[in-house]
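# Residue-level structure breakdown
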Amino acid sequence: MNKRKLKSKILLFIMLAIVSLVYILPIALMVLGSFKTQSEAVRFTLTLPENWMFSNYKHVVETGKIFEGYFNSFVITASVVVLSLVFGSFAGIYVSRRNDRSGRAMYYYFIFGFTMTVQTVSTFALLQFLNIYGSYLGVILIFTAIRMPFTVMTFASFVKGVPKEIDEAAVIDGCGPIRMIFSVLMPILKPIMITNLIITAISVWNNFMIPLYFFSGAGKLTIPQTVYSFYGLYARDWQYVFAALVLTVIPVTLLYLGLQKQIVAGMTSGAVKG
Amino acid sequence: MFSKKKNNIKNHYPTWLTIPAILIYTVFFILPVIMSIVLSTTDWNITRLTEPSFSGIKNYAIILSNSIFTKSILNTLIFATATTILKTLFGLILALALVKSFRGNNILRTLYYLPCVLSIVVVGVLFTAIMDYDGMLNNILRAVGLDFIATNWLGKYGTAMASVISIESWMWSGFCMFIFIAGLQAIPQSFYESAAIDGASTWQKFRHITLPLLVPSFTVVITLNITGGMKVFDIVYVLTNGGPGFDTQVLNTYTYRAFGLGLLGEAAASAVVLAIIVVIIAFIINRKLTNREVEI
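Note that the coordinates shown come from a computational prediction; the quantities given were computed from them, not determined experimentally. (Residues numbered from 1 in each chain as written. Chains lettered and ligands numbered in written order. Predicted model: local features only at pLDDT ≥ 70, side-chain atom pairs only at ≥ 80, totals over all residues.)

On to the overall build of chain A, then. Within chain A, the secondary structure is distributed over 14 helices and zero strands. Along the three orthogonal principal directions, the C-alpha set of chain A runs to about 75 × 70 × 35 Å. Of all 274 residues assigned to chain A, the portion counted as buried reaches 45%. Sequence separation of 24 or more characterises 74% of the internal contacts of chain A that already satisfy a separation of 6 or more. (Helix = DSSP H or I, 4+ residues; strand = E, 2+ residues; numbered from the N terminus. Buried ≥ 20, exposed ≤ 12 C-beta atoms within 10 Å, placed from the backbone. Contact = placed C-beta atoms within 7 Å.)

Scanning chain B from N- to C-terminus turns up 15 helices and zero strands. Taken over the C-alpha atoms alone, chain B extends approximately 85 × 75 × 30 Å along its principal axes. Expressed as a percentage of its 296 residues, the buried residues of chain B come to 44%. Intrachain contacts of chain B at a sequence separation of at least 6 include 70% that bridge at least 24 residues.

Parsing chain A into structural domains produces domain 1 (2-59) and domain 2 (65-233). Here the C-alpha centre of domain 2 of chain A lies 37 Å away from the C-alpha centre of domain 1 of chain A. (Domains from an automatic or database assignment.)

Facing the 64 residues of chain B at the interface are 66 residues of chain A. Grouping the constituent residues of the side of chain B that touches chain A by class yields 52 nonpolar, eight polar and four charged. (Nonpolar A, V, L, I, M, F, W, Y, C, P; charged D, E, K, R; others polar.)

Positioned with a positive phi, A:F44 is a non-glycine residue whose angle comes to about 50°. Its location among the elements puts A:F44 in the loop between α2 (38-41) and α3 (55-63). Classification of A:F44 as buried rests on a count of 20 C-beta atoms within 10 Å. Residues other than glycine seldom take positive phi values, yet B:N241 does so here, at roughly 50°. Counting through the fold element by element, B:N241 comes out in the loop between α13 (234-239) and α14 (251-260). Owing to 13 C-beta atoms within 10 Å, B:N241 belongs among the partly exposed residues under this scheme.

Residues and elements named next belong to chain A. Core analysis: the largest hydrophobic core is formed by 159 residues, its most contacted members being V227, A244 and L245. Sort the elements by how many residues they give to this core and helix α7 (residues 136-160) lands first, with 15 residues. For this core, the domains that each give at least three residues are domain 1 (2-59) and domain 2 (65-233). Among all residues touching A244, those that are not within four sequence positions of it are V60, G64, I66, V227 and F230. (Core = buried A, V, L, I, M, F, W, Y, C linked by C-beta atoms within 7 Å.)

Here the focus is helix α13 (residues 238-258) of chain A. Taking 1.5 Å per residue, 21 residues should reach 30 Å; α13(A) reaches 30 Å between its end C-alpha atoms and fits that length. At A:I250, α13(A) is deflected by roughly 35°, the largest bend along its length, and proline A:P251 occurs up to four residues later in sequence. (Expected span 1.5 Å × (residues − 1). Bend = angle between axes of the 7 residues up to and from the residue.)

A word on the packing of helix α8 (residues 164-172) of chain A against helix α9 (residues 177-188) of chain A. Helix-helix packing is described using two parameters, namely the angle between the two axes and the distance between the axes. Residues and elements named next belong to chain A. Close contact between α8 and α9 brings their axes to 10 Å; oriented N to C, the two are set at 135°. Classified by the angle their axes make, α8 and α9 are oblique. For the element pair α8 and α9, the recorded crossing hand is right-handed. Counting all contacts with α8, which are made through I166, D167, A170 and V171, the residues of α9 involved are M180, V184 and L185. Here the residues of the contact of α8 with α9 sort into six nonpolar, no polar and one charged. (Axes fitted to C-alpha atoms, helices over the stretch in contact; angles between N-to-C directions. Parallel < 35°, antiparallel > 145°, perpendicular 65-115°, else oblique. Left-handed = near helix turned anticlockwise from the far one by under 90°.)

A word on the environment of A:G266. All names here are of chain A. You can see G266 is positioned in helix α14 (residues 260-273). Taking the C-alpha atoms as reference points, G266 and R43, separated by 223 residues in sequence, lie 40 Å from one another. When neighbours within four sequence positions are excluded, G266 is seen to be in contact with T195, I198 and I199.

What follows is about the packing of helix α6 (residues 120-130) of chain A against helix α3 (residues 19-39) of chain B. Remark: α6(A) packs on α3(B), axes separated minimally by 8 Å, with the N-to-C direction vectors making an angle of 110°. Considering their axes alone, α6(A) and α3(B) lie roughly perpendicular with respect to each other. Residues A:V121, A:S122, A:T123, A:A125 and A:L126 of α6(A) pack against B:F28, B:L31, B:P32, B:M35, B:S36 and B:L39 of α3(B).

Right, let's get into the confidence of the model for chain B. All names here are of chain B. Per-residue pLDDT for chain B averages 86, and the proportion of residues at 70 or more is 93%. Least confident of the elements in chain B is helix α1 (residues 2-7), whose mean pLDDT is 46; most confident is helix α5 (residues 67-98), at 94. With pLDDT under 50 throughout, residues 1-6 is counted as low confidence; its partners more than four residues away or in other chains account for three contacts. If you check the scores for this complex, the pTM reads 0.87 and the ipTM reads 0.87. (pLDDT = per-residue confidence, 0-100.)

Listed below in structure tokens is the structure:
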């Protein structure tokens, strides 16, 4: 019995070691490659660089417009997070507290969005018509709209777990709706706020399709598109491409390592409920 | 008056609370869906942007008789099915391996989940360096004497689709792993203990306790991956852009191509077809799997 246990433990160890390599090697290739010379980088080997070319990063920062991409991505992501948290939480509170027909109808109206796919072509026409094609505003509003079913649903289900008496006590104390929401409910809603903040921020920051259709046509690039266009321009200069990739993944990776528990819990619990 | 106000729920939660959300959601998400359905029945194109005229089901007839479009539907279904099977399988195996805590457990979980927070573009570009003919994968294969397998993975008929499927599965297996870990942790330990007393083997325990009680996790993982797989765009766009030929063309890349050519009516029709397929599949899966769920 013990021998069998040891055997299965060794097998498990070998399996995990192989799987881990499958995850580590691509990352190692990227990081090592970003410090190599051009002729070394295109060999795509896992050797250490002969000379550490830190200048690759300098070149990418100077020519790759990485920071412009960062700026665009940051503006869009931050705005979407704020808009969807404020409006989404309001709507979530409304649909879960108003237990009448209008509350329920609106809940199902939001949930309906889960089964829908983004209609890129007609959205393009709509933005043209509203004259906000290629603008920050257009992309921000589209992202906010797409995130809405998820945000409203998660807030609604969280608010359901908050005793109604808390609201009523606040109203008896003379709070209007706004004060009640901001000074009484919002502090209680903090966990679901954080979950939504993380999921929205990561999905908007990483999204490629929406800016491709509605933003880059106007020559503005978010960070994933900056990398993509950089890759298109420097297809043979892999040392620069690798450096650009590293620069793109650093902020998200740091955020992930710092907030790992919340990110994983948020992304998977969100999926479970969705 | 005060007591009347207290009982009036409408005053506590006024309707304006939900108006901004409803407005943004309706105008920028639901309205385009309706527009798509309408515009897909017109001869709308880039030269007739503002004055499309009704053309019935002509766009649907055009795309459905287009072999590239039917191939895209088939490819999308292949992609969604294959990635779902791989992600579910790997996710489950990794979850079973990592559900019990041991030293280094957390590091491994962190590592396997890492691709999920990265942009698909980063993963895509990185993997073109790996799957290239002179890429890392072939270098490794040559180093261990398997050079007869080495090929231009993303540029050849057959292997291109398999490569895209593998890369997508590499990215998201860790995500499924965490859903399964949560599901495994919810199974009461006492079930296994009493099964052990009855002399059940490891396989019997897995087959008759773990699997049935994991059905809710399977429902989530499968629904999410199938519908997500049907909507695939970024990874295909970055890795192969539908090529070689139309070997990896999926519905969303087909739509983008029609859009790029200015054939807006056709693009809208193809987007509507995708939406219909996604709704039907999500509905069927939910029906099938929720029937199998057991109460603990």
